[in-house]
Amino acid sequence: MKTIEDLEKIINSELTSKINSSKINHGQIYISVDEKNILDVILFLKTNSETKFQQLIDITAVDYPENDKRFKVVYLLLSHENNHRIIIDFFIKENEVVS
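About the criteria used
Residues numbered from 1 in each chain as written. Predicted model: local features only at pLDDT ≥ 70, side-chain atom pairs only at ≥ 80, totals over all residues. Heavy atoms only, no water. Helix = DSSP H or I, 4+ residues; strand = E, 2+ residues; numbered from the N terminus. Buried < 20%, exposed > 50% of the residue type's maximum accessible area, 1.4 Å probe, protein only. Salt bridge = Lys/Arg side-chain N within 4 Å of Asp/Glu carboxyl O. pLDDT = per-residue confidence, 0-100. Pairing = 2+ DSSP bridges. Core = buried A, V, L, I, M, F, W, Y, C linked by side-chain atoms within 4.5 Å. Contact = heavy atoms within 4.5 Å. Phe/Tyr/Trp six-rings, centres within 6.5 Å; stacked < 30°, edge-to-face > 60°.

**A look at unusual backbone geometry**
Right, on to step 1. In this structure, Lys 52 takes a positive phi of about 55° despite not being glycine.
Right, on to step 2. Take Lys 52: it is sitting in the loop between α2 (38-47) and β3 (55-63).
Right, on to step 3. The phi torsion at Asn 83 lies on the positive side, around 55°, for a residue other than glycine.
Right, on to step 4. Its place among the elements puts Asn 83 in the loop between β4 (71-79) and β5 (84-92).
Right, on to step 5. For Asn 83, a relative accessible area of 55% puts it in the exposed group.

**Topic: the pattern of salt bridges**
If the charged atoms of two oppositely charged side chains come close together, the side chains can form a pair.
Right, on to step 1. Scanning the model with the defined rule gives eight salt bridges in all.
Right, on to step 2. Here Lys 52 ties to Glu 81 by a salt bridge, and the two come within 2.8 Å at their closest N and O atoms. You can see Lys 52 sitting in the loop between α2 and β3 and its partner Glu 81 sitting in the loop between β4 and β5, a full 29 residues away along the chain.
Right, on to step 3. Among the salt bridges present, the one from Arg 70 reaches Asp 63, with a minimum N-O distance of 2.6 Å.
Right, on to step 4. Residues joined in a network through salt bridges with shared partners are Asp 63, Arg 70 and Glu 94.

**Re the confidence of the model for the protein**
Right, on to step 1. Mean pLDDT over the protein stands at 93; residues scoring 70 or higher make up 95%.
Right, on to step 2. Within the protein, the lowest mean pLDDT, 94, falls on helix α1 (residues 4-14), and the highest, 97, falls on strand β2 (residues 28-33).

**Some details on the pairing of β2**
Right, on to step 1. Across six bridges, strand β1 (residues 19-25) lies against β2 in antiparallel orientation. Each residue of the ladder has a partner; that of Ile 19, found in β2, is Val 33.
Right, on to step 2. Pairing geometry for β2 and β5, over four bridges, is parallel. Across the sheet, residue Ile 31 finds its bridge partner in β5, namely Ile 88.

**Considerations on the nonpolar core**
Right, on to step 1. Ile 11, Ile 31, Val 33, Leu 45, Ile 86 and Ile 88 are the most contacted members of the largest nonpolar core, which totals 21 residues.
Right, on to step 2. Looking at this core, the elements that each hand over two or more residues are α1, β2, α2, β4 and β5.
Right, on to step 3. When residues no more than four places from it in sequence are discounted, the contact partners of Ile 86 are Ile 11, Ile 29, Ile 31, Leu 45, Phe 53, Tyr 75, Leu 76 and Leu 77.

**Remarks on the packing of aromatic side chains**
Right, on to step 1. In total, this model carries two aromatic pairs according to the counting rule given.
Right, on to step 2. Relative to Phe 90, the ring of Tyr 75 lies with its centre 6.0 Å away and its plane at 25°, an arrangement referred to as stacked. You can see Tyr 75 sitting in strand β4 and its partner Phe 90 sitting in strand β5, a full 15 residues away along the chain.
Right, on to step 3. Note on Tyr 75: relative accessible area 18%, which makes it buried.

This is the structure we're talking about:
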């Protein structure tokens, strides 16, 4: 089993251009991305032999009405093999479609 620090290093080294920031807090990895990179990031996290975040636990959103990109979308993924969770967030505008 990989440590949470090992997983963060792997993710940061492989997704350098796709991640805006990452941190470890309360034993979980938090990463922020741009909406255009969310599919690439999640596919990497799911299919990479080191990360194996293969279960989507939750999707939620937070409304920041004062922001231009007012919705913060949050994904929570679980790696059973590594016994770790990762939280991915990104902002989108109202009526914006993510593809």
